[in-house]
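# Close look at the chain arrangement
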Amino acid sequence: MKRRVLFVCTANSARSLMAEALLRDMAGDLFEVASAGTGPTSPHPMALQVLQEAGIATDSLHSKQLADLQGQHWDYVITLCEKATNECGSVCQPAQQIAWDFPDPVPSNRHATFALTLKEIKERISLFTQVHQKETGRKPISYDAVAVFKAMADEFRLSALLLIRDQGPLCVCELTEAFDAPQPKVSRHLATLKDTGLLETERRGQWIYYSLSPQIPSWLVRVLDETASSNGGLIQPAQERLLAMADRPAVRRV
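Residues numbered from 1 in each chain as written. Predicted model: local features only at pLDDT ≥ 70, side-chain atom pairs only at ≥ 80, totals over all residues. Heavy atoms only, no water.

## Comments concerning the overall build of the protein
Across its full length, the protein holds 11 helices and seven strands. Expressed as a percentage of the 254 residues in the protein, the buried residues total 44%. For the protein, the proportion of contacts with a sequence separation of at least 24, taken over those separated by at least 6, is 73%. Taken as a whole, the protein presents about 13,200 Å² of accessible surface, with 51% of it coming from carbon and sulfur. Taking the average place of the 27 positive charges on the side chains of the protein and the average place of its 29 negative ones, the gap between the two points comes to 4 Å. (Helix = DSSP H or I, 4+ residues; strand = E, 2+ residues; numbered from the N terminus. Buried < 20%, exposed > 50% of the residue type's maximum accessible area, 1.4 Å probe, protein only. Contact = heavy atoms within 4.5 Å. Areas by Shrake-Rupley, 256 points an atom, 1.4 Å probe, with all protein chains shown as cover. Lys, Arg positive; Asp, Glu negative; His and termini not counted. Charge placed at Lys NZ, Arg CZ, Asp CG, Glu CD.)

The following block contains the structure:
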């Protein structure tokens, strides 16, 4: 089960929004993340700019009122300013309280200051996730760009990845039919994609289903989205054969 993390500062316009976006990007498979403010305003344009420059999605970011979230269960409440630290202790129990101290970049209104704040928060979040993974025994996956692109350089693996992205979880028998390929070949290529961290497996009855890993970082999600939108022909025949498959497994995908 994912741990729930709430980042809080006063305006929820810069530091806490940066932290929310960073943790979601770095370890969204481990944590459900939100941020809020004791007196929220709106996202600062420069905070959004430095996040986008770092390749981190900002579409879902918006300033939120702490009072609207305090009734929910949180495993961790991490404050990023003294005012929020003083106010959170009494309203977010029994969450574990963690107080971080980062200077507010807003008064400077300088790009360099926002970029430095982002860098410092990222370093602290990296330490936070490492400690959590050590405590839970989970090992982080390294999405090395060279290894990822090498895995996707094979036409069959890329097509299988895009088909799973399009259809949702698929089992080996469905992929074998969709690509009119022998089962050993399909299994071998799926194993490569799984070893690279691009796919994960789940057993449902007698079937093992392959799906996109939730750990895939946002930059790679965008690569897959762009590749799929511009190369529909890669999977069109497979989509048609899958649609015509008469004896697909009865276990429904969710």
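## Concerning the pairing of strand 3 (residues 76–79)
The side-chain alternation of strand 3 yields two buried faces, one formed by Tyr-76 and Ile-78 and the other by Val-77 and Thr-79. Summarising the sheet, strand 1 (residues 3–9) and strand 3 pair through four bridges and their orientation is parallel. By the bridge assignment, Val-5 is partnered in strand 3 with Tyr-76. Of the pairings in the sheet, the one linking strand 3 to strand 4 (residues 96–99) comprises four bridges and is parallel in character. Among the inter-strand pairings, Thr-79 is bridged to a residue of strand 4, identified as Ala-99. (Pairing = 2+ DSSP bridges.)

## Some remarks on the sheet that holds strand 6 (residues 199–204)
If you trace the three strands from one edge of the open sheet to the other, you get 5-7-6, paired in antiparallel fashion. Edge positions in the sheet fall to strand 5 (170–171) and strand 6, since each has one partner strand and no second. Pairing of strand 5 with strand 7 (residues 207–212) involves two bridges; the strand directions are antiparallel. When the bridges of strand 7 are listed, Cys-171 appears paired with Tyr-209. Contacting strand 5, strand 6 and strand 7, helix 7 (residues 155–167) crosses the sheet at an angle of about 95° to strand 7. (Axes fitted to C-alpha atoms, helices over the stretch in contact; angles between N-to-C directions.)

## Here's the deal with the state of the cysteines
A covalent bond bridging the sulfur atoms of two cysteines is what the word disulfide describes. Scanning the entire structure with this criterion turns up zero disulfides. Cys-81 forms no disulfide, and the closest cysteine sulfur to it belongs to Cys-9, at a distance of 5.4 Å. (Disulfide = S-S within 2.5 Å.)

## Observations regarding the nonpolar core
Within the largest apolar cluster, 44 residues are counted, with the highest numbers of intra-cluster contacts made by Leu-6, Phe-7, Leu-23, Phe-31, Trp-100 and Phe-128. Looking at this core, the elements with two or more residues in it are strand 1, helix 1 (15–27), strand 2 (31–37), helix 2 (45–53), helix 3 (66–69), strand 3, helix 4 (82–88) and helix 5 (111–136). Ignoring any residue separated from it by four or fewer positions in sequence, one finds Leu-6 in contact with Ala-34, Ser-35, Ala-36, Leu-66, Leu-69, Trp-74, Tyr-76, Val-77 and Ile-78. (Core = buried A, V, L, I, M, F, W, Y, C linked by side-chain atoms within 4.5 Å.)

## Some details on the packing of helix 8 (residues 172–179) against helix 9 (residues 183–195)
Axis separation between helix 8 and helix 9 bottoms out at 9 Å; the angle between their running directions is 115°. Judged by the angle between their axes, helix 8 and helix 9 are roughly perpendicular. Our pair here, helix 8 against helix 9, has a crossing hand that is right-handed. Residue-level contacts link Val-172, Leu-175 and Thr-176 of helix 8 to Gln-183, Val-186, Ser-187 and Leu-190 of helix 9. Looking at the contact of helix 8 with helix 9 residue by residue, the classes come out as four nonpolar, three polar and no charged. (Parallel < 35°, antiparallel > 145°, perpendicular 65-115°, else oblique. Left-handed = near helix turned anticlockwise from the far one by under 90°. Nonpolar A, V, L, I, M, F, W, Y, C, P; charged D, E, K, R; others polar.)

## Regarding the pairing of strand 7
Judged from the six bridges that link them, strand 6 and strand 7 form a sheet pairing that is antiparallel. Paired with Arg-203 across the strands is Ile-208, a residue of strand 7.

## A few points about the packing of aromatic side chains
A complete count under the given rule lists seven aromatic pairs for this structure. Ring geometry for Tyr-76 against Phe-128: centres 5.2 Å apart, planes inclined by 85°, an arrangement best described as edge-to-face. Taken together, the positions of Tyr-76 in strand 3 and Phe-128 in helix 5 put the pair 52 residues apart, joining distant regions of the chain. Phe-128 sits in the buried class, given a relative accessible area of 11%. (Phe/Tyr/Trp six-rings, centres within 6.5 Å; stacked < 30°, edge-to-face > 60°.)

## Some thoughts on helix 7
Under the 1.5 Å per step criterion, the end-to-end length of helix 7 is 18 Å for 13 residues, consistent within 8% with the ideal 18 Å. Buried residues of helix 7: Phe-156, Arg-157, Leu-158, Ser-159, Ala-160, Leu-161, Leu-162, Leu-163 and Ile-164, and no others. Its side-chain oxygen 2.9 Å from the backbone nitrogen of Phe-156, Asp-154 forms the N-cap of helix 7. Taken from the residues just after helix 7, Gly-168 is the one with a positive phi, measuring 90°. (Expected span 1.5 Å × (residues − 1). Polar contact = N/O pair within 3.5 Å; in protein donor to acceptor, adjacent residues only side chain to side chain.)

## Things to note about the environment of Val-106
Counting through the fold element by element, Val-106 comes out in the loop between strand 4 and helix 5. Given the relative accessible area of 25%, Val-106 is considered partly exposed. Once the C-alpha coordinates of Val-106 and Gln-70 are considered, the two residues, 36 residues apart in sequence, prove to be 25 Å apart. Once residues lying within four places of it in the same chain are set aside, the contact partners of Val-106 are Ser-13, Ala-14, His-44 and Phe-114.

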